[in-house]
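Descriptive structure summary
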Amino acid sequence: MKKINQVDFSHFKNNEHGQFHTVIRDVIAAETPVKLGIVKYYPSYVNAVAGELLAIEVEQGSQHTLTVEDSDLFRDQLYRSYVLHIQSCLIDFDPAVQEAANRIMRIVDQVGDMRKQPYNQESTTLSSLINQLTNKYATDVALCNGTTKLTKLDEANKSFIADYGTRSDEISERISGDVRAARVGVDEIFKNISSVINALVLLNGEADYSVFIDKVNYEIDYYKNTINARRSPGKGSKGDNTTTTI
């Protein structure tokens, strides 16, 4: 039975994200929302995609956008590095280190995936996490040999906040260029659309939805392959091997 595949949009660059949803919006129009059973969601999806494209246009007009994206990428990398380090301590030979890592991971798990949050919200969430670990779990952090990594993460987050503030000052006279916030809304509606269509396939069979599902999954696979290629350049390539930021 066909279904729309799951997709993690957190690794899409902004232009990729906007283009993906633009294509899906147009495919829905061609198949018609009525046929797909998503009349309830289509108008808000169209508006959300338009809002994201406008935000992307504003963001691209800022001379500080590249700096902001690089800062966000760097703090995301440091956060992932810190989490992986603590996770490795969960299987340390020392039971005391394992227990300390468990306590830290309970706090980390409460945070969830910050990369899907708007910039300002991610900054606040990360600041709160760092403060909690620094003030209440300093002994556990030290036992896991993670103090230096946590300090570097704090510095990276503060650096991003400063860079983002500079860009915000520049575009304060214009419409918001926070693409991250716009993306959250678009992704939520797309998730609802996918869930409804997958459920309708179970109820009614795939005949009315097959063409749409094939086109959506083609776009998902296309961008997954693009992202994988970007992460793993070919032999001898000097391409960018970093995780993409959103």
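Residues numbered from 1 in each chain as written. Predicted model: local features only at pLDDT ≥ 70, side-chain atom pairs only at ≥ 80, totals over all residues. Heavy atoms only, no water.

Remarks on the overall build of the protein
Note the following rule: Comment: elements are numbered from the N terminus, with helices defined as DSSP H or I runs of at least four residues and strands as E runs of at least two. Think of it in three bands: with a 1.4 Å probe and only protein chains considered, a residue is buried below 20% of the maximum accessible area for its type, exposed above 50%, and partly exposed in between. Between two residues, a contact is recorded if the distance between any of their heavy atoms is within 4.5 Å. The method behind every accessible area is Shrake-Rupley, applied with a 1.4 Å probe, and residues are considered shielded solely by the protein chains displayed.
The helix and strand inventory of the protein stands at 10 helices and 0 strands. Scanning the protein from its N terminus toward the C terminus, one meets helices and strands in the order α-α-α-α-α-α-α-α-α-α. Among the 246 residues that make up the protein, the fraction classed as buried is 44%. In the protein, the proportion of contacts linking residues at least 24 apart, taken out of those at least 6 apart, comes to 79%. Summed over its atoms, the accessible surface of the protein is roughly 12900 Å², and 53% of this surface lies on carbon and sulfur atoms.

A word on the packing of helix α1 (residues 14-31) against helix α9 (residues 179-204)
What counts, and what does not: In this description, a line fitted to the C-alpha atoms serves as the axis of each element, helices being fitted only across the stretch in contact, and the angle between N-to-C directions of two axes falls anywhere from 0 to 180 degrees. We call a crossing left-handed when the near helix sits turned anticlockwise from the far one by less than a right angle, and right-handed when that turn is clockwise. Under the grouping applied here, Gly and all other residues not named as nonpolar or charged are polar, the nonpolar ones being Ala, Val, Leu, Ile, Met, Phe, Trp, Tyr, Cys and Pro and the charged ones Asp, Glu, Lys and Arg.
Running from N to C, α1 and α9 point in directions that differ by 35°, and their axes come no closer than 11 Å. Helix-helix and strand crossings are classified by hand; for α1 and α9 the assignment is left-handed. Counting all contacts with α1, which are made through N14, H17, F20, H21, I24 and I28, the residues of α9 involved are V179, R183, V186, D187, F190 and I193. In the contact of α1 with α9, the residues fall into 7 nonpolar, 3 polar and 2 charged.

Here we look at the layout of surface pockets
This is how the line gets drawn: A cavity here means a set of 1 Å grid points, computed over protein atoms only, where a 1.4 Å probe fits but cannot escape. A pocket is an open set with protein on both sides within 12 Å along at least 5 of 7 lines, and lining residues have an atom within 4 Å of a point. Grid points are joined across faces, edges and corners, and a volume is the space filled by probe spheres set on the points.
Quantified by volume, the largest pocket comes out at close to 580 Å³. Residues of the lining of the largest pocket, tallied by class, amount to 6 nonpolar, 6 polar and 9 charged.

Focus: the environment of D26
Defined as follows: Identification of polar contacts relies on pairs of N or O atoms within 3.5 Å, with a donor-acceptor requirement for protein atoms, meaning one able to donate a hydrogen and the other able to accept it, and with residues adjacent in sequence counted only if both atoms are side-chain atoms.
By the secondary structure assignment, D26 is in helix α1. The partly exposed category is assigned to D26, whose relative accessible area is 41%. On a C-alpha basis, the gap between D26 and V46 in space is 9.3 Å, while along the polypeptide they are 20 residues apart. Engagement of the side chain of D26 in a polar contact is seen with the side chain of R25, the distance being 3.1 Å.

Topic: the side chain of N14
Positionally, N14 belongs in helix α1. At a separation of 2.8 Å, a polar atom in the side chain of N14 contacts the side chain of R183.

Here's the deal with α9
We count it as follows: Helix span is expected to be 1.5 Å times the residue number reduced by one.
If you check α9, its first and last C-alpha atoms are 37 Å apart, about what 26 residues at 1.5 Å a residue would give, namely 38 Å. Looking at the residues trailing α9, positive phi occurs at G205, about 90°.

Let's talk about the pattern of salt bridges
A pair can form between side chains of opposite charge whenever their charged atoms are brought close. Spelled out, the test is: A pair is scored as a salt bridge if a Lys or Arg side-chain nitrogen falls within 4 Å of a carboxyl oxygen belonging to Asp or Glu.
Summed over all chains, the structure comprises 8 salt bridges. For D72, the salt bridge is made with R75, and the minimal N-O distance between the two is 3.0 Å. Remark: R75 and D72 occur in helix α4 (residues 65-89); sequence separation between them is 3 residues, near one turn of the helix. The same class applies to D72 as to R75, namely buried. Salt-bridge contacts for E155 lead to K152; the nearest nitrogen and oxygen are separated by 3.8 Å. Placement of the pair is E155 and K152 together in helix α8 (residues 147-170), with a separation of 3 residues, close to one helical turn. In the salt-bridge network here, residues are joined through shared partners; they are D72, R75 and E122.

Take it as geometry only, folks, not as evidence of what the structure does.
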